[in-house]
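# Observations on chain architecture
Below, each chain spelled out in residue letters.
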Amino acid sequence: MEIGIIGSGNIGSTLAGYLTALGHQVMIANSRGPKSLGDIAAKTGATAVTTEAAAGAEDLIIIAIPNKAIVNLPKEILSASKATIVDAGNYYPSRDGQIDDIQGGLTDSEWVAK
Ligand SMILES: NC(=O)c1ccc[n+]([C@@H]2O[C@H](COP(=O)([O-])OP(=O)(O)OC[C@H]3O[C@@H](n4cnc5c(N)ncnc54)[C@H](OP(=O)(O)O)[C@@H]3O)[C@@H](O)[C@H]2O)c1
């Protein structure tokens, strides 16, 4: 599969290593751009790309960033995508600030999808 991972921290970089080892074509992105991902690309075999390129992956997109950063993602590309999108995030008010929709009962992933 062609897989785009947005987020190259604990979750994103670990998944990149496992998924390339399984033979998938993996692209990985972070907030600082592909030039900052040299070590992770070398370690995992994933290709360092922009967030827009990772969001354009054909088959699977994994979002592994803090919830507070979700609003910065390329919404037009993600909403047009035919890929399955997996949200690995958890809402932590102490880290992410108050998100009224989630506090009001929307699940974390419903809010991300919205
Ligand atoms: N760690 C765990 O055990 C664990 C388990 C389950 C779920 N989670 C959840 O999974 C999510 C990620 O956790 P983590 O521990 O992997 O976080 P982390 O190590 O802090 O990494 C966060 C990553 O998100 C990237 N990022 C932030 N804003 C971005 C943006 N606008 N566009 C693209 N990339 C962006 C950061 O890029 P830069 O470095 O360039 O800023 C960084 O690579 C969180 O919601 C967390 O709660 C974590």
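Computed from a prediction, not measured in an experiment: that's the story for all the values here. (Residues numbered from 1 in each chain as written. Predicted model: local features only at pLDDT ≥ 70, side-chain atom pairs only at ≥ 80, totals over all residues. Heavy atoms only, no water.)

### A closer look at the overall build of the protein
For the protein, the count of helices and strands is seven helices and five strands. In the protein, the succession of helices and strands from N to C terminus is β-α-β-α-β-α-β-α-β-α-α-α. For the protein, whose C-alpha radius of gyration is 14 Å, the value lies close to the compact-globule estimate of 13 Å for 114 residues. C-alpha extents for the protein along the principal axes are approximately 40 × 30 × 20 Å. Counting only residues that meet the buried cut, the protein has 41% of its 114 residues in that class. Contacts in the protein between residues at least 24 apart in sequence constitute 48% of all its contacts with a sequence separation of at least 6. By element, 53% of the accessible surface of the protein is carried by carbon and sulfur atoms, the whole surface being about 6,500 Å². One finds the centroid of the 8 positive side-chain charges in the protein at a distance of 7 Å from the centroid of its 12 negative side-chain charges. (Helix = DSSP H or I, 4+ residues; strand = E, 2+ residues; numbered from the N terminus. Rg over C-alpha atoms; globule rule 2.2 N^0.38 Å. Buried < 20%, exposed > 50% of the residue type's maximum accessible area, 1.4 Å probe, protein only. Contact = heavy atoms within 4.5 Å. Areas by Shrake-Rupley, 256 points an atom, 1.4 Å probe, with all protein chains shown as cover. Lys, Arg positive; Asp, Glu negative; His and termini not counted. Charge placed at Lys NZ, Arg CZ, Asp CG, Glu CD.)

### So, the site of the ligand
In the vicinity of the ligand lie 21 residues, with Ser-8, Asn-10, Ile-11, Ser-31 and Arg-32 positioned nearest. At 3.2 Å from an oxygen atom of the ligand is found a main-chain nitrogen or oxygen belonging to Ile-65. Contact distances for the ligand include 3.2 Å between an oxygen atom and a backbone N or O atom of Asn-90. Bound to the protein, the ligand loses 70% of the 910 Å² it would expose on its own. Tallied by class, residues from the shell around the ligand come to nine nonpolar, ten polar and two charged. (Near = heavy atom within 4 Å. Polar contact = N/O pair within 3.5 Å; in protein donor to acceptor, adjacent residues only side chain to side chain. Nonpolar A, V, L, I, M, F, W, Y, C, P; charged D, E, K, R; others polar.)

### Some points on the pattern of salt bridges
Using the criterion set out here, one finds two salt bridges in the structure. Among the salt bridges present, the one from Lys-114 reaches Asp-101, with a minimum N-O distance of 2.6 Å. Placement of Lys-114 in the segment after α7 (108-113) and of Asp-101 in helix α6 (residues 100-103) is noted, with a sequence separation of 13 residues between them. Since its relative accessible area comes to 31%, Asp-101 is described here as partly exposed. (Salt bridge = Lys/Arg side-chain N within 4 Å of Asp/Glu carboxyl O.)

### Points about the UniProt feature "domain: Pyrroline-5-carboxylate reductase catalytic N-terminal" (unreviewed entry) in the protein
Taken from the UniProt record, the annotation "domain: Pyrroline-5-carboxylate reductase catalytic N-terminal" (unreviewed entry) applies to residues 3-90. Overall, residues 3-90 shows 34% helix and 22% strand. The separation of its end C-alpha atoms is 21 Å. (UniProt positions renumbered as here; feature names shortened; annotations may be inferred.)

### Topic: the side chain of Asn-67
Position of Asn-67 relative to the elements: it lies in the loop between β4 (60-63) and α4 (75-80). Within the structure, Asn-67 has its side chain in polar contact with the side chain of Asp-108 (distance 3.2 Å). Discounting residues that sit within four places of it in the chain, Asn-67 has contacts with Gly-89, Asn-90, Tyr-91, Arg-95, Asp-96, Ile-99, Ile-102, Asp-108 and Trp-111.

### As for the nonpolar core
Membership of the largest hydrophobic core comes to 19 residues, with the highest contact counts inside it found for Ile-6, Ile-61, Ile-63, Ile-65, Ile-70, Leu-73 and Trp-111. Ile-6 has contacts with Ala-29, Thr-51, Ala-54, Ala-55, Ile-61, Ile-62, Ile-63, Ala-64, Ile-65 and Leu-73, leaving out every residue within four places of it along the chain. Ile-3, Ile-5, Val-26 and Ile-28 belong to the second-largest nonpolar core, a separate cluster that totals ten residues. (Core = buried A, V, L, I, M, F, W, Y, C linked by side-chain atoms within 4.5 Å.)

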